Amino acid sequence: MQLDAKIPGGPLAQKWDRHRFELKLVNPANKRKYDIIVVGTGLAGGAASASLAELGYNVKTFCIQDSPRRAHSIAAQGGINAAKNYTNEGDSIWRLFYDTVKGGDFRAREANVYRLAQISNNIIDQCVAQGVPFARDYGGLLANRSFGGAQVSRTFYARGQTGQQLLLGAYSALMRQVALGKVQMFPRREMLDLVVANGQARGIVVRNLITGQIETHAAHAVVLCTGGYGNVFFLSTNAMASNISASFKAYKRGAYFANPCFTQIHPTCIPVHGTYQSKLTLMSESLRNDGRVWVPEKPGDTRAPQQIPEDERDYYLESKYPSFGNLVPRDVASRNAKEQCDMGKGVGETKLAVYLDFADAINRDGREAIERKYGNLFQMYEKITGEDPYGTPMMIYPAVHYTMGGLWVDYNLMSTIDGLFVLGEANFSDHGANRLGASALMQGLADGYFVIPYTIGGYIARTSFSSVTPDTVAFKDTAREASDRIEKLLSINGKRTVDDFHRQLGQIMWDYCGMARNNQGLEKARGMIQELRTEFWQNATVPGDDKDFNQSLERAGRVADFMEFAELMVIDALARQESCGGHFNEAYQTEENEARRDDENFCHVAAWSHSGPDKDPEFHKEPLIFENVELTQRSYK
Ligand SMILES: Cc1cc2nc3c(=O)[nH]c(=O)nc-3n(C[C@H](O)[C@H](O)[C@H](O)COP(=O)(O)OP(=O)(O)OC[C@H]3O[C@@H](n4cnc5c(N)ncnc54)[C@H](O)[C@@H]3O)c2cc1C
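Residues numbered from 1 in each chain as written. Predicted model: local features only at pLDDT ≥ 70, side-chain atom pairs only at ≥ 80, totals over all residues. Heavy atoms only, no water.

**Quick look at the sheet that holds strand β7 (residues 200-208)**
Part 1 of the reasoning: Taken in spatial order, the three strands line up as β6-β7-β8 in an open sheet, and their pairing is antiparallel. Lying at the two open borders of the sheet, with one neighbouring strand each, are β6 (189-197) and β8 (214-218). Averaged over all pairs of adjacent strands, the angle between their axes in this sheet comes to 25 degrees, without regard to strand direction.
Part 2 of the reasoning: Pairing between β7 and β8: five bridges, direction antiparallel. Bridge pairing links Val 205 to Thr 216 in β8.
Part 3 of the reasoning: Of the strands in this sheet, β6, β7 and β8 touch helix α12 (residues 473-490), which is tilted by about 140 degrees from β6. (Pairing = 2+ DSSP bridges. Helix = DSSP H or I, 4+ residues; strand = E, 2+ residues; numbered from the N terminus. Axes fitted to C-alpha atoms, helices over the stretch in contact; angles between N-to-C directions. Contact = heavy atoms within 4.5 Å.)

Here is the structure:
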């Protein structure tokens, strides 16, 4: 299949307007004749459900949690980007576009990123109208702070709870439509499979997580907003329920998976402190506005931080990258932290940590000012580590945080299956090989509030639909396959817990497909994953039954999918013989240890299609064409 991104013609700045004009419309009175399924209620799904229902479509919305409000998006801390230029620092749509393309190491589509930058300003207006309590400056305008990879302050925030406040906005809009009867909300449902009938996505199979019942739901189109897959690493900053299952099932039904190896490792997380941990905690990137990153100059220095004099400290980001300093993008900051620890300059008990120090900021601005900006984050840090970050520097280390890979979508956010749209972190579309901070919230809301309302109409208006119901064969077959799989999981009757398998899988991925990769390690990881997967299906224990609330069963299903998906990530990493953004293959680095891209051979999106059980996936290429920015070696010096 030829990968056609359907990028509209014309100048970059006019593509989206032109496309919106050219898209066919569904008459307002006809919209009520169409049903749309939205899976996920994070910022992408919440925004999409509310907007589509507001337009008049009948929406059915599904999520795993007991309330749409508990989606992983609620955890987002630092902020959301927009090119408002309230600070008069010289920001513009073009600059946001350029920073994002460069931040992604030139592995994202120009047209998508430009549209994202254009829409960024509408998002802020819409959220303010909803009542989202963004921080404000002394004059009453919305305040901004800086995030990595940008030399202007363009990040809008609500203390360290931006995701929560934005999600409350989307949730209010969603619940308004629930009250109006335009959205039917199905919480506590897990999508187990996608139903494809006559080549079109026409429904889903879900498990009611309370009763265990398998249900089928039909619609004219399906919108997946199921988030990212960082939990393949077991330890990550993601919510415990974040998973790959819905996307992976769609992949198995014919949707291509793009750039699965592009994982973001966030530089400022609380370091791992024991084998009993199942989750890692992010310390927001916003802290790098005021916190200074350093390690002792001398390897093996065990003195307390306060006893290390200034001239025996290495503020390595500030000295190596004078232009961006502590605000270099995440991939760069993470790799440098690892490098310092590899040189023996790591701190803390495990020596796998660096300091993030607020002493200078507190001396300069006063404790109260710092408390006002980051109070809840400092409190969280103290609760977890028992140390007071106002008095002693935080200790931080990189951790898995975000996944730039996802289901391949065209400019309309439609996958390679007709009628299957993918939004938010679940798609691959806008961040290339590295996402800049504060741009995931921007993308999720752009997709949900401002892109899908147009593009889904364009699809519906040009498509003829056969009549399907849950009694149609495709629905019955897919539901039976989902039930069979549950039965198979429950009948393994082995001795090892699912969590134990998951932890081992995560360690393999972290060791060989994490911050630094090499071909030998990736080959080895592939074999280890295959062996572990075989053992999983022979020796996992899944207690309880399927007619009840059974979290062990839920986890088993998700881990089984991670077991297969992990291999796809490794295959993708092996195929990309270059370094770019979060994909750092040790064989490809500059003399200064920065990622060395190979634009001649790898300036493309790698999209994979499923070829059947035990067969290697098939590779497809979407060439990336840069007409507006020049491909350069990324530099933040
Ligand atoms: C700690 C933390 C802080 C962050 N801070 C920021 C920040 O400051 N700025 C920023 O831009 N980004 C931030 N991010 C990233 C950002 O939060 C996420 O990328 C974004 O919220 C993802 O939104 P989403 O709507 O795509 O998916 P999610 O919010 O992950 O929602 C996924 C939804 O899908 C549902 N779901 C999943 N699988 C299934 C299934 N099989 N069946 C049914 N439902 C399913 C879930 O129930 C949920 O409702 C942060 C991330 C983390 C982890």
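**Considering the side chain of Thr 478**
Part 1 of the reasoning: Of note, Thr 478 is situated in helix α12.
Part 2 of the reasoning: With relative accessibility at 5%, the residue Thr 478 sits in the buried group.
Part 3 of the reasoning: Within polar-contact distance, the side chain of Thr 478 engages the backbone oxygen of Ala 474 at 2.5 Å.
Part 4 of the reasoning: The residues contacting Thr 478, other than those within four sequence positions of it, are Asp 193, Leu 194, Val 195, Val 205 and Arg 253. (Buried < 20%, exposed > 50% of the residue type's maximum accessible area, 1.4 Å probe, protein only. Polar contact = N/O pair within 3.5 Å; in protein donor to acceptor, adjacent residues only side chain to side chain.)

**Focus on the site of the ligand**
Part 1 of the reasoning: Taken together, the neighbourhood of the ligand is formed by 37 residues, with Gln 65, Ser 73, Gly 78, Met 191 and Glu 425 sitting nearest.
Part 2 of the reasoning: One of the backbone N or O atoms of Gly 78 is found 2.7 Å from an oxygen atom in the ligand.
Part 3 of the reasoning: One of the backbone nitrogen or oxygen atoms of Cys 225 is found 3.4 Å away from an oxygen atom of the ligand.
Part 4 of the reasoning: For the ligand, whose unbound accessible area comes to 1,000 Å², protein coverage reaches 97%. (Near = heavy atom within 4 Å. Areas by Shrake-Rupley, 256 points an atom, 1.4 Å probe, with all protein chains shown as cover.)

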